[in-house]
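An overview of the molecular structure
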Amino acid sequence: MSATKSIRKVVVLGANGTMGAGSGAVFACAGLPTVFLARTLAKAEAGRKRAVELAKGRLAPDAIEIGTYDDHIAHVAREADLIFEAVSEDVDTKRRVFALVERVRAPGSIVATVSSGLSIAALCAEHGEDFRRNFLGIHLFNPPTAIVGCELIAHADTAPEVVQAVRELLEHALDRVVVECADTPAFAGNRVGFKVLNEVAQLAEEHGVAYMDQLVGSHTGRALAPLATIDLVGWDVHGAIVDHLWDKTRDEAHASFLLPAYMRHGIERGHLGRKTRDKGGFFRVDGRGESAVHHVLDPKTGGYRLLAETRPAVPAFVERMKAAIRSGRHPDALDALCRATGKDAELLRGVLLGYISYALGRVGEVVAHGSDIDRIMGFGFNWAPPGMLVDAIGPARTAYMLEQAGLPVPPVVSHAASTGMALFIEPVEPSRFFIAA
């Protein structure tokens, strides 16, 4: 730990929420004295119970202290080296919490937000110099007890020693894979990931839900198909993220952030994905166990049909990709996609090339290096990193295909094509990110 900044005790605000409980479990499992605060003791206790469950035997039930904002924050905040805010992703709610924190925190204590994409500078703009110098973002991915990728986001006033101390904590005490990001909308992982997710949701209106999730499935390097991922995240959360990106960005992928009208109507009717089991999202399951009946959304009508009756045939080139992955020949899987003809192959190539172009195009704007994008997409989203895909396809071939598709060729791809250097440099096997065939 830095000689000028030592983090020995953590207080988590909003501990009853999903990210509060999960993040608190990570701190406590690392041996850091951790306190959970919420509006009531019952909510704080619920957060502690959830943290113990997430820790899976690594935490004793009393390993985390609990308290309330009204009765305990003044005392706890003065003792905390890190005050970790995990309340709802709402600017006004966060600002009210930070106003309270500023009144009671010890000078020099670090304040961090787990925001997944709000402006770090804007969240602390109204506060004093000491607060701003010690304020930054720590974006952990859900669930943080299982996903090790995280983003560290400083703003213009954050002191360098604060960034260093938090990075050391994350990497050495918490075993995180840390990527430093610029204070830009949704940072790196969510900006790239939700561009792809929303693009697939847009395509589903024309091509169908089951078709798109089968086409852009595990053989493309992702743990869960895109539309099933949105159901897991929640349509309301997805909508809030892409609406924010639509409002705050004006880049080459701006159109990809427009939430489809059928999804907005679904959200208004309470169709939020897995969290609304009775209404569903892209998919709905009626019943449980062996008697469960699976349905899939028809975006054009808003109704549901039996999944078994709408499941499309698997394209032959997809079968070739899966066979290559099963035998560990990942470059051959991408070669099968590159060589394939027909509308199915063209559609999938468009999605994957768009991912590569947009992700690696953020180098220099959001992150410093191509490896940063690879690390956050691999260890944060559990997707095949774009640099790995470029290496598997071949940098020169990738550059040519991007040009043919009318997509920007990122400078890091052009450089790899001209030098023959590999883009993906992480010491892991390709199978780590090609989850299943």
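The sections below set out a description of the structure shown in this document. (Residues numbered from 1 in each chain as written. Predicted model: local features only at pLDDT ≥ 70, side-chain atom pairs only at ≥ 80, totals over all residues. Heavy atoms only, no water.)

**Describing the nonpolar core**
Keep this limit in mind: Only buried residues count toward a nonpolar core. Its members are Ala, Val, Leu, Ile, Met, Phe, Trp, Tyr and Cys residues joined through side-chain atoms within 4.5 Å. Type-normalised accessible area, obtained with a 1.4 Å probe on protein chains alone, sets the label of each residue: buried when under 20%, exposed when over 50%, and partly exposed for intermediate values. Runs of H or I in DSSP of at least four residues are treated as helices and runs of E of at least two as strands, each being numbered from the N terminus. What makes two residues a contact is simply this: any of their non-hydrogen atoms within 4.5 Å.
Among the nonpolar cores identified, the biggest contains 100 residues, and Leu13, Met212, Leu227, Phe282 and Phe317 are the most heavily contacted of them. Of all the elements, helix α16 (residues 343–360) adds the most residues to this core, at 11 residues. Dropping the residues within four chain positions of it, leucine 13 is found in contact with Leu37, Tyr69, Ile73, Ile83, Phe84, Glu85, Ala86, Val87, Val97 and Val101. Ile7, Ile64, Leu82 and Val163 belong to the second largest nonpolar core, which has 34 residues in total.

**Re the pattern of salt bridges**
Defined as follows: By salt bridge we mean one thing: a side-chain nitrogen of Lys or Arg within 4 Å of a carboxyl oxygen of Asp or Glu.
This model, assessed by the stated rule, comprises 25 salt bridges. Between aspartate 81 and arginine 8 there is a salt bridge, with the nearest N and O atoms lying 3.8 Å from each other. With a gap of 73 residues between them, aspartate 81 in the loop between α3 (69–79) and β4 (82–85) and arginine 8 in the segment before β1 (10–13) connect regions that are remote in the sequence. Here arginine 8 falls in the exposed class, since its relative accessible area comes to 53%. The closest approach of N and O atoms between glutamate 85 and lysine 94, which form a salt bridge, is 2.6 Å. Of the two residues, glutamate 85 and lysine 94, both sit in the buried class. In the salt-bridge network here, residues are joined through shared partners; they are Arg191, Asp251, Glu252, Arg362 and Glu365.

**Some words on the sheet that holds strand β2 (residues 34–38)**
Stated precisely, the cut-off is as follows: For two strands to pair, DSSP has to find at least two bridges joining them. To get an axis, a line is fitted to the C-alpha atoms, and for a helix only the part in contact is used. The angle between two axes follows their N-to-C directions and goes from 0 to 180 degrees.
Strand order in this open sheet of 8 strands is β3-β2-β1-β4-β5-β6-β7-β8, and the pairing throughout is mixed. Since the sheet does not close on itself, it has two edges, and those belong to β3 (64–68) and β8 (177–181), each with one partner. Each neighbouring strand pair of the sheet contributes to a mean axis angle of 25°, computed without reference to strand direction. Bridge count for β1 against β2 is 4 bridges, and the pairing is parallel. Bridge pairing in β2 links valine 10 to threonine 34. The sheet strands contacting helix α2 (residues 41–55) are β2 and β3, and the helix crosses β3 at an angle near 155°. On the sheet, α3 packs against β1, β2, β3 and β4 and is oriented at approximately 125° with respect to β3.

**Here's the deal with the packing of aromatic side chains**
For the record, the criterion: By convention, a stacked pair of Phe, Tyr or Trp rings (six-membered ring in the case of Trp) has centres within 6.5 Å and planes under 30 degrees apart, an edge-to-face pair has planes over 60 apart, and any other such pair is tilted. Counting as a charge over the ring demands two things of the Lys NZ or Arg CZ atom: a distance within 6 Å of the ring centre and an angle within 35 degrees of the ring normal.
Evaluation of the coordinates by the stated rule reveals 11 aromatic pairs. For the pair phenylalanine 98 and phenylalanine 135, a centre-to-centre distance of 5.1 Å together with 85° between the ring planes defines the contact as edge-to-face. Here phenylalanine 98, found in helix α4 (residues 91–104), pairs with phenylalanine 135, found in strand β6 (residues 135–140); they are 37 residues apart in sequence, far enough to count as distant. The buried category is assigned to phenylalanine 135, whose relative accessible area is 0%. With centroids separated by 5.1 Å and ring planes inclined at 70°, the aromatic side chains of phenylalanine 381 and tryptophan 383 adopt a geometry described as edge-to-face. Take phenylalanine 381 and tryptophan 383: they sit in the same class, and that class is buried. These aromatic residues form a ring-pair network of at least three members: Phe141, Phe194, Tyr355, Phe381 and Trp383. Positioned over the ring face of tryptophan 383 is arginine 222, at 4.5 Å from the centre of the ring.

**Overview of the packing of helix α10 (residues 226–233) against helix α11 (residues 235–248)**
Rules: These descriptions rest on fixed angle ranges, namely under 35 degrees for roughly parallel, over 145 for roughly antiparallel, 65 to 115 for roughly perpendicular, and the rest for oblique. Residue polarity is assigned by list, with Asp, Glu, Lys and Arg as charged and Ala, Val, Leu, Ile, Met, Phe, Trp, Tyr, Cys and Pro as nonpolar; anything else, Gly included, falls into the polar class.
Where α10 contacts α11, the axes come no closer than 6 Å and their chain directions differ by 100°. As far as their axial angle goes, α11 and α10 are roughly perpendicular. In contact with Ile230, Asp231 and Val233 of α10, α11 contributes Trp235, Val237 and His238. Classifying every residue of the contact of α10 with α11 by side-chain character gives 4 nonpolar, 1 polar and 1 charged.

**Focus on the environment of leucine 307**
Of note, leucine 307 is situated in helix α13 (residues 307–310). Owing to a relative accessible area of 10%, leucine 307 belongs among the buried residues under this scheme. C-alpha separation for the pair leucine 307 and arginine 329, spaced 22 residues apart in sequence, amounts to 31 Å.

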